[in-house]
Amino acid sequence: MRKPLIFGNWKMNLDVKQSDDLVRSLLSVKLDYGMVDVGVAPDFCSLSTVARTIRDMGVPISVAGQNVSQHEKGAFTGDVNADMLLTAGADSVIIGHSERRTVFGESDELINEKVRLALRCKLHTILCVGELLAEREAGVHVEKVLYQLGMGLKGVSVDRVNNIVIAYEPVWAIGTGKTATPADAEEMHAAIRKFLSKTYGPVIANKIRILYGGSVKPDNIGALMLRENIDGALVGGASLVAEDFIKIINYYK
Ligand code: 13P
């Protein structure tokens, strides 16, 4: 019912040439885009090069910014706005990644401003949520994630929410090699879907894709994807190695 989506988040790891080389490796393999939607999030400097390479090959790989300004335009040195992303060739944006929240101190309010602006500008928006280890150990992980979700989606109307993908990324699983068990991830994904259903109704909630992120690898994607409410993955480290990312995209084979 929901088409799986596998998205690579390259973070701040590759220069322009390395990003282009990586996307070319991905494009050199025949992937079944009818089965799985695929996307990549290069850094801002590489984005237009990567987007052009993808466009020239005529494949439907989505390109996302890793962040976006909450401002439309103006004197905001160092910031990148939604229009810049779109005109550089992006169709999507990642907002509220835990690294933006924890390293750069982005608040739920700021993330909500970004989400509303990105959706207004017709960028597909991947809204990230996820709890810290201490919150999971204290048993407040579901509460925490639903709070982030409610804040992130504040003021987002029923017609705009169709353009949202939720990424559940437990902070303790990012880059650590520790993955949430499929059962733990499913518990959270089901809670997220229930929240979406209460807020937007079951028809819309059933269409929204919820990705899992946090040490997704070729050997654990299969078990995660078997779960009812896990609709894909937001992949960090393993998306930097073409062979591994391709295996993850082809998880169903
Ligand atoms: P890793 O796959 O490296 O754990 O990163 C996950 C992530 O943060 C994707 O956005």
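If you're wondering where the values come from, they're calculated on a predicted model, not measured in any experiment. (Residues numbered from 1 in each chain as written. Predicted model: local features only at pLDDT ≥ 70, side-chain atom pairs only at ≥ 80, totals over all residues. Heavy atoms only, no water.)

Chemist: An account of the packing of aromatic side chains is needed here, citing residue identities and associated values.
Modeler: One pass over the structure, following the stated rule, counts 2 aromatic pairs. One Lys or Arg, Arg100, reaches over the ring of Phe104 and ends 3.9 Å from the middle of that ring. (Phe/Tyr/Trp six-rings, centres within 6.5 Å; stacked < 30°, edge-to-face > 60°. Lys NZ or Arg CZ within 6 Å of the ring centre and 35° of its normal.)

Chemist: Account for the sheet that holds strand E7 (residues 210-213), with residues named and values stated.
Modeler: If you trace the 8 strands once around the closed barrel, you get E1-E2-E3-E4-E5-E6-E7-E8, paired in parallel fashion. Mean inter-strand twist for the sheet, computed between neighbouring axes without regard to direction, equals 25°. As paired elements, strand E5 (residues 124-129) and strand E6 (residues 164-168) share 5 bridges and run parallel to each other. Along E6, the bridge assignment pairs Val129 with Tyr168. Strands in contact with helix H9 (residues 182-200) are E5, E6 and E7; relative to E7, the strand with the most contacts, it is inclined by about 150°. (Pairing = 2+ DSSP bridges. Helix = DSSP H or I, 4+ residues; strand = E, 2+ residues; numbered from the N terminus. Axes fitted to C-alpha atoms, helices over the stretch in contact; angles between N-to-C directions. Contact = heavy atoms within 4.5 Å.)

Chemist: Explain the site of the ligand to me, using residue names and the numbers behind them.
Modeler: As a matter of local geometry, the ligand sits amid Asn9, Lys11, His97, Glu169, Ala173, Ile174, Gly175, Gly214, Ser215, Leu234, Gly236 and Gly237. A distance of 2.8 Å is found between an oxygen atom of the ligand and a side-chain nitrogen or oxygen belonging to His97. Interatomic distance of 2.8 Å between a backbone N/O atom of Gly237 and an oxygen atom of the ligand. Protein chains bury 97% of the 310 Å² of accessible surface belonging to the ligand in isolation. Of the residues assigned to the shell around the ligand, the class counts are 3 nonpolar, 7 polar and 2 charged. (Near = heavy atom within 4 Å. Polar contact = N/O pair within 3.5 Å; in protein donor to acceptor, adjacent residues only side chain to side chain. Areas by Shrake-Rupley, 256 points an atom, 1.4 Å probe, with all protein chains shown as cover. Nonpolar A, V, L, I, M, F, W, Y, C, P; charged D, E, K, R; others polar.)

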